[in-house]
Amino acid sequence: MWGWSCCPFKDMNGSDQPCVHYRKRSPYDIIPIANYLLNDSSASNYFKMADIDDITALLIDEFTNDDLFEQAIRNQNIITYVPLTIAGLSELAVEREDSARIEGYVEEIIPLYSSIDFKSHFRMNRSTFEELCTKMAPLMIRERALTVEKKLLATLWILANPESYRSVADRFGVSKGTLHLIVISSCHSLTELMEEFIYFPTTRSEMATIADGFKQRCGMPGVVGAVDGTHIPIPAPRSVHRASFINRKGHSSMILQLVCDSKLRFLDVYTGWPGSVHDARVFRNSPIASRIEDLPDEFHLLGDSAYPISKGMMVPFRDNGHLDNVQKKFNSCHSSTRVDVERAIGLLKCKFRRLKHLEMHLEQEIPTVIVSCCILHNFILKFETVDFDELLSSDNDTATDVQLDGGQQQGSIAGEDKRMAIALSL
């Protein structure tokens, strides 16, 4: 636009009066001119007595278009306030980084715990924890600020207690994000021990030892493992497969299939399937399904009526109200022997209560955390006996209490013949 403007420079003749000239003027020039008229000693009394806003308004009316000037003012405000906002956020970030946390909890407080308190918080004795540190040290990344002991203690606390990450992070003197990284990395390191602590028997002598343990309970012969599934509640995944994770109770979950021996140690773990999938399908797609096909004839697993009967899988007779005494006795003995897997699942969820609701949104990491709890379960049982107080307080939610199809799966004739032979021998 064009207009008259005053600038605080000497004119062509060298006088001290403001030079008045005719040139192209930008809206951004208005405010400096207004400040000059307000503060310069040679300006008229009107300008000295006027307010900066009045002078600016006068100049706007005289020299500018309102729309252009308002846009210029908006742009100038953005340029002025954005750096201030960024600076304020930076100060806030520094303040958050310097937030108060509990210091010295691992170094000063935990050593004061009694043996009972230590086991109550971390689910294992001190000696067992020392063995765990020795085993895990070569597998974990060494950091100056975070020792192996501190990482494992924080991970155990998260897995054993349904406490928020924020409060646990404050307890261990780390940030919430750092605690997430500690737990995930520790669980990944734990999974490297899976083959050492969770393995299915491969030799006939190993199978015979496990079978003897089961036989002592009720006389059921040839049992090398009891199998069952359980639901691990998780947040519904944000994916197109969200509906498939909704189980029969209307909650989102992931299925964990377990095989255990009479000492409640896990022989095989398999997880990752969504909660709506039937136990029989999970089992059919698991590696253990093909392994039991190669078992010697005298050995087999015990499963409930959700599983198909075969030479390697013994399930109870379907109770249609017409079972004879032999079949009833088999079912009673079968139930009394297979209960060990339900006890093992209850003990697992009681020790690692995070599994009662695994609040994780990284869907791909959920199986890693679940398997890590199973490895820790076996690790503890290697050095300690079963804690029956924990076992009595457990409330296992198995996946097969009520099946979707409501009936026993079809099986092989050879499996049915083997079941009847065992029933007659009891």
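Residues numbered from 1 in each chain as written. Predicted model: local features only at pLDDT ≥ 70, side-chain atom pairs only at ≥ 80, totals over all residues. Heavy atoms only, no water.

Let's talk about the overall build of the protein
Piece 1. Secondary structure summary: the protein contains 18 helices and seven strands in total.
Piece 2. Buried positions account for 45% of the 426 residues belonging to the protein.
Piece 3. Pairs at least 24 residues apart make up 66% of the contacts formed inside the protein by residues separated by at least 6 positions.
Piece 4. Accessible surface computed for the protein: about 22,700 Å², of which carbon and sulfur atoms make up 53%. (Helix = DSSP H or I, 4+ residues; strand = E, 2+ residues; numbered from the N terminus. Buried < 20%, exposed > 50% of the residue type's maximum accessible area, 1.4 Å probe, protein only. Contact = heavy atoms within 4.5 Å. Areas by Shrake-Rupley, 256 points an atom, 1.4 Å probe, with all protein chains shown as cover.)

So, the pairing of strand β5 (residues 266-274)
Piece 1. Counting buried residues along β5, eight of its nine residues qualify, which places the element largely inside the surrounding structure.
Piece 2. Taken together, the seven bridges between strand β4 (residues 253-260) and β5 define a ladder with antiparallel strand orientation. Paired with C260 across the strands is F266, a residue of β5.
Piece 3. Between β4 and β5, which follow one another and run antiparallel, lie five residues, and L264 among them has a positive phi close to 70°. (Pairing = 2+ DSSP bridges.)

Considering the sheet that holds β5
Piece 1. With mixed pairing, five strands are arranged side by side in an open sheet as β5-β4-β3-β6-β7. Each edge of the open sheet is held by one strand with a lone partner, namely β5 and β7 (313-314).
Piece 2. Packing against the sheet, helix α12 (residues 204-218) makes contact with β3 (223-233), β4 and β5, and its axis sits at approximately 75° to β3.
Piece 3. Where helix α15 (residues 325-351) meets the sheet, it contacts β3, β4, β5, β6 (300-302) and β7, and its direction lies at approximately 40° from that of β3. (Axes fitted to C-alpha atoms, helices over the stretch in contact; angles between N-to-C directions.)

Considerations on helix α16 (residues 366-383)
Turn by turn, an α-helix covers 3.6 residues, leaving residues three or four places apart pointing in a common direction.
Piece 1. In a regular helix each residue adds 1.5 Å, so 18 residues correspond to 26 Å; α16 covers 27 Å between its end C-alpha atoms and thus fits that length.
Piece 2. Taken across its 18 residues, α16 has 15 buried, putting it largely inside the fold. (Expected span 1.5 Å × (residues − 1).)

Structural notes on the packing of helix α7 (residues 126-136) against helix α8 (residues 148-160)
Piece 1. Packing of α7 against α8 leaves a shortest axis separation of 10 Å and a crossing angle of 120°. Note on packing geometry: the crossing formed by α7 with α8 is right-handed. Taking contact as the criterion, the partners of F129, L132, C133 and M136 in α7 are, on α8, V148, E149, L152, L153 and L156. (Left-handed = near helix turned anticlockwise from the far one by under 90°.)

Here we look at the packing of aromatic side chains
Piece 1. Evaluation of the coordinates by the stated rule reveals 11 aromatic pairs.
Piece 2. On the basis of an interplanar angle of 85° and a centroid distance of 5.3 Å, the ring pair of Y105 and F172 is categorised as edge-to-face. Of this pair, Y105 sits in helix α5 (residues 105-109) while F172 sits in the loop between α9 (165-171) and α10 (176-191), and the two are 67 residues apart along the sequence. Accessibility assignment for this pair places Y105 and F172 in one class, buried.
Piece 3. Ring centres 5.0 Å apart and planes at 55° place the aromatic pair F379 and F383 in the tilted group. Here F383 and F379 lie together in helix α16, a separation of four residues that amounts to about one turn.
Piece 4. Classification of F379 by relative accessible area gives buried; the value is 2%.
Piece 5. In this structure, R171 is placed above the aromatic ring of Y105, and the distance from its NZ or CZ to the ring centre is 5.4 Å. (Phe/Tyr/Trp six-rings, centres within 6.5 Å; stacked < 30°, edge-to-face > 60°. Lys NZ or Arg CZ within 6 Å of the ring centre and 35° of its normal.)

Observations regarding the environment of T202
Piece 1. One can find T202 in the loop between α11 (194-197) and α12.
Piece 2. Accessibility expressed as a relative area gives 57% for T202, which makes it exposed.
Piece 3. T202 sits 89 residues away from R291 along the chain, and the two C-alpha atoms are 9.7 Å apart.
Piece 4. Ignoring anything within four residues of it in the chain, the contact list for T202 reads M207 and R291.

A look at the packing of α8 against α10
Piece 1. Running from N to C, α8 and α10 point in directions that differ by 95°, and their axes come no closer than 9 Å. The angle between α8 and α10 places the two elements in the roughly perpendicular class. Contacts between α8 and α10 involve K151, A154, T155 and I158 from the first element and L179, I182, V183, S186 and C187 from the second.
Piece 2. Class assignment of the residues belonging to the contact of α8 with α10 gives a composition of six nonpolar, two polar and one charged. (Parallel < 35°, antiparallel > 145°, perpendicular 65-115°, else oblique. Nonpolar A, V, L, I, M, F, W, Y, C, P; charged D, E, K, R; others polar.)

Things to note about the pattern of salt bridges
Piece 1. This model, assessed by the stated rule, comprises 11 salt bridges.
Piece 2. For E163, the salt bridge is made with R171, and the minimal N-O distance between the two is 3.8 Å.
Piece 3. For E163, a relative accessible area of 21% gives the class partly exposed.
Piece 4. The exposure class assigned to R171 is partly exposed, which follows from its relative accessible area of 22%.
Piece 5. Within this structure, R217, D340 and R343 form a network of salt bridges that share partners. (Salt bridge = Lys/Arg side-chain N within 4 Å of Asp/Glu carboxyl O.)

A word on the environment of G415
Piece 1. For G415, the location among the structural elements is in helix α18 (residues 413-425).
Piece 2. Between the alpha carbons of G415 and V315 there is a distance of 9.3 Å; along the sequence they are 100 residues apart.

Overview of the nonpolar core
Piece 1. Ranked by internal contacts, the top residues of the largest apolar core, which has 98 residues, are F122, L132, F172, L179, L301 and L348.
Piece 2. The greatest single-element share of this core, amounting to 11 residues, is contributed by α16.
Piece 3. Sequence-distant contacts of L179, defined by excluding residues within four places in its chain, comprise A154, I158, Y165, V168, A169 and V174.
Piece 4. By size, the runner-up hydrophobic cluster in this structure holds five residues, among which are I255, Y270, W273 and V277. (Core = buried A, V, L, I, M, F, W, Y, C linked by side-chain atoms within 4.5 Å.)

Structural notes on the state of the cysteines
Piece 1. Applying the stated criterion to the full structure yields zero disulfides.
Piece 2. With no disulfide partner, C218 has as its closest neighbouring cysteine sulfur the one in C333, 3.2 Å distant. (Disulfide = S-S within 2.5 Å.)

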